Amino acid sequence: MNLSPTKIAVVLGLCLIIPGTIFYWYDPVLFPGFSPFEMPLFHSALDTPPGIYLGLSYGVIIVLCLALAWIGWEMRRAVPVWWAALMLLLLGLNCPLQIGFSQPSWLDRFLQARADNLALSAFGNSANFPIEVLAPAIPSAKLTDIQGLYDRWYASVVAMQIGWWFYMSGALIFAVAAFFLMADPAIRWTQMKRAVVVIFLFLGFHCLAPALGEACWNLGQQQERQGNRNQAENYYRAALAFDEWNRRIPRVYERLGALAEADHRVHAPEYHFLMGQRQVSQKDLNEALDEFSQAMAGGDVDLRRVAGNAYSQAASTLAKGLYNHGSTFGGVPVKIDMVPPQAGIAALYWQKAAQATEANLAENFMAARAFQDSAQYDRATALLMSDLGMTDDPMIKAHLFSSQGDVDYLRGDLSGARLNYLKAYSVLNHNKDYWSVRAVKGLTDNAVNP
């Protein structure tokens, strides 16, 4: 059969779309990725139990669009094929736009999970036992301060996995080819005008409220520089109302705190949040914790969350300083007199850090380590078991099982220690690139010390 270049492009696009629908689209860091059939179309996949989502998922809509394209192809009608291809393309764009703009809780959870992984890696280096770098590779430092619209788009795209890139490449090729399947220029022009209207409505759905929020933020800064504090506060409040992302990052609350300070409203929660940030910059972490606690006592749920994250970071930094004060040691069982002298106090601060934030896997892990080092084995086990219920990432689970093996070894339960070391070793399926040095060392110690 003699195929035209346009029809070859259609086939090529479909050959990329199909595997792209099977592979992972989204990387939540602490869990295995989500495929399109596991991602709801109208709310966060992170709020849905793992597994195939039987409701209106990305995968279901992709199948329906492919069915429409096939019907149009069989009937030799180019227009239905074109609209199916366009819907496939917009569906792929919908995912990062949903993550970063219309439902930014996805992006917030991604960044918190990434921070958890980086904290675990840094802790492993400081404690002198191997915790591999678990966070995804980032091509630049843009993810350290996500604020504006471009930053959010960039971070959302970084969160996408190989399946999405396959899918989007195929959808783009398919859409271009389907456009040229419409041989009549008049029909092509008419359909293009309609498509432009649909695309603008689609982008407006995702981006209008964030754009208004960004505009209000800029106007608030302008009014603040001109000394119009009341007008500036109104714009800042509008920025919070329009855009959920502003309610998940510190910048607006910091400016509201500065306005409260200028007006001598020292009891405002935003004022205490700003004071906490200043104390952090001055390395006075205990004072910062007190200020963040007062900010968390206010009635604004969103400010409580942002202040809780700041409290958690400050408490974790303080705990790490206490933990590292004194001698360091290896991750396999050690004598109690070799542990950091303030490990028990550090554990309490890490627990406070965990209680103040939604993303607390790293803080629980570090608290468990410090409880282990201060011979509080039951408390260490409780936290490790709690963390095991928070993640499906095989690397993290391997470290959690290894740590539980350390706890069992130190309390004299050698059979339990061996079992957990074996779990740590097997959870990675014996991948030679990621095997757990701590687990192998623990198994060796058990072999020579039955």
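Residues numbered from 1 in each chain as written. Predicted model: local features only at pLDDT ≥ 70, side-chain atom pairs only at ≥ 80, totals over all residues. Heavy atoms only, no water.

**Some details on the overall build of the chain**
Secondary structure assignment for the chain yields 18 helices and 0 strands. Nonlocal contacts in the chain, meaning residues at least 24 apart in sequence, comprise 62% of its contacts between residues at least 6 apart. Element-wise, carbon and sulfur atoms account for 61% of the exposed surface of the chain, whose accessible area totals about 20,600 Å². (Helix = DSSP H or I, 4+ residues; strand = E, 2+ residues; numbered from the N terminus. Contact = heavy atoms within 4.5 Å. Areas by Shrake-Rupley, 256 points an atom, 1.4 Å probe, with all protein chains shown as cover.)

**Points about the packing of aromatic side chains**
Overall, the coordinates contain 11 aromatic pairs when judged by the stated rule. Through pairs of rings, three or more aromatic residues link up here, namely W82, W83, F179 and F180. Directly above the ring of W217 sits R251, whose terminal nitrogen or CZ lies 4.5 Å from the centroid. In this arrangement the basic side chain of K352 is found over the ring face of Y349, its NZ or CZ atom lying 5.2 Å from the centre. (Phe/Tyr/Trp six-rings, centres within 6.5 Å; stacked < 30°, edge-to-face > 60°. Lys NZ or Arg CZ within 6 Å of the ring centre and 35° of its normal.)

**Notes on the nonpolar core**
By size, the foremost hydrophobic cluster in this structure holds 55 residues, and its most contacted members are F273 and W350. Of all the elements, helix α12 (residues 301-323) adds the most residues to this core, at 11 residues. Once residues within four sequence positions are removed from consideration, F273 is found in contact with P250, Y253, E254, F292, A295, L303, V306, A307 and A310. Listed in part, the 47 residues of the second largest apolar core include F110, A171, F179 and A195. (Core = buried A, V, L, I, M, F, W, Y, C linked by side-chain atoms within 4.5 Å. Buried < 20%, exposed > 50% of the residue type's maximum accessible area, 1.4 Å probe, protein only.)

**A few points about helix α8 (residues 229-242)**
With 14 residues, α8 should cover 20 Å at 1.5 Å per step; its first-to-last C-alpha distance of 20 Å lies within 8% of that length. When α8 is considered as a whole, its buried residues turn out to be A232, E233, Y236, A239 and L240. Down the axis of α8, the buried set is contained in an arc of 115°. They therefore lie on one face. Those residues of α8 that are exposed and angled more than 90 degrees off the buried face are N230 and A241. Residues of α8 that are buried make contact with α7 (185-225) and α9 (251-262). (Expected span 1.5 Å × (residues − 1). Arc of directions from axis to C-beta.)

**Thoughts on the side chain of N94**
Within the secondary structure, N94 is located in helix α3 (residues 78-102). On the basis of relative accessibility, which here comes to 10%, the residue N94 falls in the buried class. In this structure N94 touches L41, Y58, F202 and H206, once residues within four positions along its chain are discounted.

**Observations concerning the packing of α3 against helix α6 (residues 162-181)**
It is at 8 Å that the axes of α3 and α6 come closest, and there the two elements cross at 150°. In this view, α3 runs roughly antiparallel relative to α6, as classed from their interaxial angle. Of the two elements, α3 crosses α6, and the hand of that crossing is left-handed. From α3, A78, V81, W82, A85, L88, L89, L91, G92, L93, C95 and P96 reach across to α6, where they touch W164, Y167, M168, A171, L172, F174, A175, A178, F179 and L181. Here the contact of α3 with α6 is composed, by residue class, of 20 nonpolar, 1 polar and no charged. (Axes fitted to C-alpha atoms, helices over the stretch in contact; angles between N-to-C directions. Parallel < 35°, antiparallel > 145°, perpendicular 65-115°, else oblique. Left-handed = near helix turned anticlockwise from the far one by under 90°. Nonpolar A, V, L, I, M, F, W, Y, C, P; charged D, E, K, R; others polar.)

**As for the pattern of salt bridges**
Think of it this way: side chains of opposite charge can pair up when their charged atoms draw near. For the coordinates displayed, the defined rule picks out 17 salt bridges. For E224, the salt bridge identified is with R255, shortest N-O distance 2.4 Å. With E224 in helix α7 and R255 in helix α9, the pair connects residues that are 31 residues apart, well separated along the chain. With relative accessibility at 19%, the residue E224 sits in the buried group. Here R248 and E244 are joined by a salt bridge, their closest N and O atoms 2.9 Å apart. You can call R248 buried: its relative accessible area is 15%. Take E244: its relative accessible area is 25%, and that puts it in the partly exposed class. (Salt bridge = Lys/Arg side-chain N within 4 Å of Asp/Glu carboxyl O.)

**So, the confidence of the model for the chain**
Averaged over every residue, the pLDDT of the chain is 81; the share at 70 or more is 82%. Contacts from residues 128-143, a stretch scored under 50 in pLDDT, to residues over four places away or in other chains number 51 contacts. Low pLDDT, under 50, characterises residues 326-339; the predicted model gives this stretch 37 contacts beyond four residues in sequence or across chains. (pLDDT = per-residue confidence, 0-100.)

**Regarding α9**
Compared with the 16 Å implied by 1.5 Å per residue over 12 residues, the 17 Å span of α9 between its first and last C-alpha is a close match. Every buried residue of α9 is accounted for by R251, V252, Y253, L256, G257, A258, L259 and A260. Summarising the contacts, the buried residues of α9 are in contact with α7, α8, α10 (269-281) and α12. Looking one or two residues beyond α9, the residue adopting positive phi is H264, at roughly 60°.

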